[in-house]
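What follows is the residue order along each chain.
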Amino acid sequence: SSSSSSSSSSQHHQHIGRSHQSHPTSHFQQQTRYLSAPSALTPEQRTTTLQTLLGFKKNSTTMGWKLLEGDDNRDAICKTYSFVDFNQAWEFMGKVAVVAEEMEHHPEWFNVYNRVEVTLTTHDCNGLSTNDIEMANKMDEFETQLLSGQS
């Protein structure tokens with residue numbers, strides 16, 4: 001009886017080992033879309049896609065994205081999100097973190113209680129890229145979901 005339980009136990013461990021071994025391959029396959037270096041926004045994308053992010057957003061409680069202003073002259077956009085409380089801000093950051101890992105594109109951010117300040121830029125092209133636009137839109141989508149109770 002004890003030998004049958006130990007063999008089923010070792011089979012269980014072998015199964016767990018196999019599932020972990022296959023994980024990196026599937027994780028890599030999910031990310032292949034983002035492995036090429038991002039390109040900077042074209043002048044046309046700046047006047048169309050970028051402009052839709054700047055200013056007021058329809059279903060947002062906060063101002064829209066703004067071009068970063070300051071002494072460092074970085075080509076970046078920034079936005080401050082305000083949530084109901086710290087837990088909601090943390091949930092927002094958790095949702096964004098999953099997307100950031102999938103995209104291999106990570107925001108600069110700062111969190112105090114219910115506020116999350118975000119800066120987006122792409123270091124690989126030394127400025128704004130389509131990755132920043134995609135990330136900004138995803139963040140706005142998460143904000144809308146959370147503030148309307150659809151999390």
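The residue numbers shown here count from 1 along each chain, following its written sequence. Owing to the predicted nature of the model, reporting of local features is limited to residues with pLDDT of at least 70; listing and counting of side-chain atom pairs is limited to 80 or more, with chain, interface and lining totals taken over all residues. As a rule here, side-chain values come from all non-hydrogen atoms in the structure, and water together with hydrogens is ignored.

Strand order in the open sheet formed by 4 strands is S1-S2-S4-S3, and the pairing between neighbours is antiparallel. Two strands in the sheet have a free side with no partner beyond their single neighbour: strand S1 (66-67) and strand S3 (108-112). When DSSP finds two or more bridges between two strands, those strands count as paired. Helix numbers and strand numbers start at the N terminus; a helix is a DSSP run of H or I with at least 4 residues, a strand a run of E with at least 2. One ladder, built from 5 bridges, connects S3 with strand S4 (residues 115-120); its direction is antiparallel. Counterpart to Val112 in the pairing with S4 is Arg115. Against the sheet, helix H4 (residues 86-103) touches strand S2 (77-82), S3 and S4, its axis set at about 165° to S3. The criterion used for residue contact is that any of the two residues' heavy atoms lie within 4.5 Å. To obtain an axis, a line is fitted to C-alpha atoms, over the contacting stretch when the element is a helix, and the angle between two such axes runs from 0 to 180 degrees between their N-to-C directions.

To continue, consider the nonpolar core. Here, the term nonpolar core denotes a set of buried Ala, Val, Leu, Ile, Met, Phe, Trp, Tyr and Cys residues that are joined through side-chain atoms within 4.5 Å. Type-normalised accessible area, obtained with a 1.4 Å probe on protein chains alone, sets the label of each residue: buried when under 20%, exposed when over 50%, and partly exposed for intermediate values. Within the largest apolar cluster, 25 residues are counted, with the highest numbers of intra-cluster contacts made by Trp65, Ile77, Phe92 and Met139. Those elements that provide at least two residues to this core are helix H3 (49-53), S2, H4, S4 and helix H5 (130-147). Once residues within four sequence positions are removed from consideration, Met139 is found in contact with Trp65, Tyr81, Phe92, Val96, Pro107, Trp109, Val118 and Leu120.

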